Amino acid sequence: MQKRLKKNFTLIAFLLLVNVVGFLSAQAYFSGTAGSTNFSTQVLLESISFNPKMVAPSKWLELGIDLLKKNR
């Protein structure tokens, strides 16, 4: 059990590291582009309106808790 827990934490840490590196590289890439400094919320609202279940954080949290319960 201890080995599986360590493996899960290692996987989570790796995924967080990849996410941070991806965010920083995207920020560095897009910082040089000229454009509007205002964020258009219309695109965000349209993407959420397609399927709110995919975007809802509670669903992702519920899935994560279910996965952790199954691994016990």
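Residues numbered from 1 in each chain as written. Predicted model: local features only at pLDDT ≥ 70, side-chain atom pairs only at ≥ 80, totals over all residues. Heavy atoms only, no water.

Trainee: Could you clarify how one ought to interpret the overall build of the chain in this entry?
Mentor: A tally of helices and strands in the chain yields four helices and zero strands. Moving toward the C terminus, one meets the helices and strands of the chain in the order α-α-α-α. With 72 residues in all, the chain has 0% of them scored as buried. (Helix = DSSP H or I, 4+ residues; strand = E, 2+ residues; numbered from the N terminus. Buried < 20%, exposed > 50% of the residue type's maximum accessible area, 1.4 Å probe, protein only.)

Trainee: Sorry, what's going on with the confidence of the model for the chain here?
Mentor: Keep in mind that low pLDDT regions are not for reading the predicted coordinates in detail. In this model, the chain carries a mean pLDDT of 75, and residues with pLDDT of at least 70 account for 64%. Here helix 3 (residues 52–55) is the element of the chain with the lowest mean pLDDT, 53, and helix 1 (residues 2–31) is the one with the highest, 88. (pLDDT = per-residue confidence, 0-100.)

Trainee: When you look at the packing of aromatic side chains in this model, what are you seeing that I'm missing?
Mentor: Note on aromatic pairs: each is described by the distance of the centres and the angle between the planes. Scanning the entire structure with this criterion turns up one aromatic pair. Between Tyr29 and Phe30 the ring centres are 4.9 Å apart and the planes differ by 80 degrees, which places this aromatic pair in the edge-to-face class. Summarising the burial analysis for this pair, Tyr29 and Phe30 share the class exposed. (Phe/Tyr/Trp six-rings, centres within 6.5 Å; stacked < 30°, edge-to-face > 60°.)

Trainee: It is not clear to me how the environment of Met1 should be interpreted in this structure. Could you clarify?
Mentor: Its location among the elements puts Met1 in the segment before helix 1. Look at Met1 and you get exposed, because its relative accessible area is 76%.

Trainee: Looking at this model, I keep getting lost on a nonpolar patch on the surface. Mind explaining?
Mentor: A cluster of nonpolar side chains, contributed by Leu5, Phe9, Ile12 and Leu16, occupies part of the molecular surface with about 400 Å² of accessible area. Tracing the backbone shows Ile12 in helix 1. Judged by its relative accessible area of 48%, Ile12 is partly exposed. (Patch = residues over 30% accessible without salt bridge, like charges linked within 9 Å, V, L, I, M, F, W, Y side chains within 5 Å. Areas by Shrake-Rupley, 256 points an atom, 1.4 Å probe, with all protein chains shown as cover. Salt bridge = Lys/Arg side-chain N within 4 Å of Asp/Glu carboxyl O.)

Trainee: Would you mind going over the layout of surface pockets with me for this structure?
Mentor: In this approach a probe as big as a water molecule rolls over the atoms, and the regions it shows empty are the leftover space. Considering only enclosed or pocket space, the largest pocket measures out at about 190 Å³ in volume. Around the largest pocket, the lining residues are Asn8, Leu11, Ile12, Gly64, Leu67, Leu68 and Asn71. Elements that contribute at least two residues to the lining of the largest pocket include exactly helix 1 and helix 4 (57–71). When its residues are assigned to classes, the lining of the largest pocket shows four nonpolar, three polar and no charged. (1 Å grid on protein atoms, 1.4 Å probe; cavity = no way out; pocket = protein on both sides within 12 Å on 5 of 7 lines; lining within 4 Å. Points joined across faces, edges and corners; volume = space filled by probe spheres on them. Nonpolar A, V, L, I, M, F, W, Y, C, P; charged D, E, K, R; others polar.)

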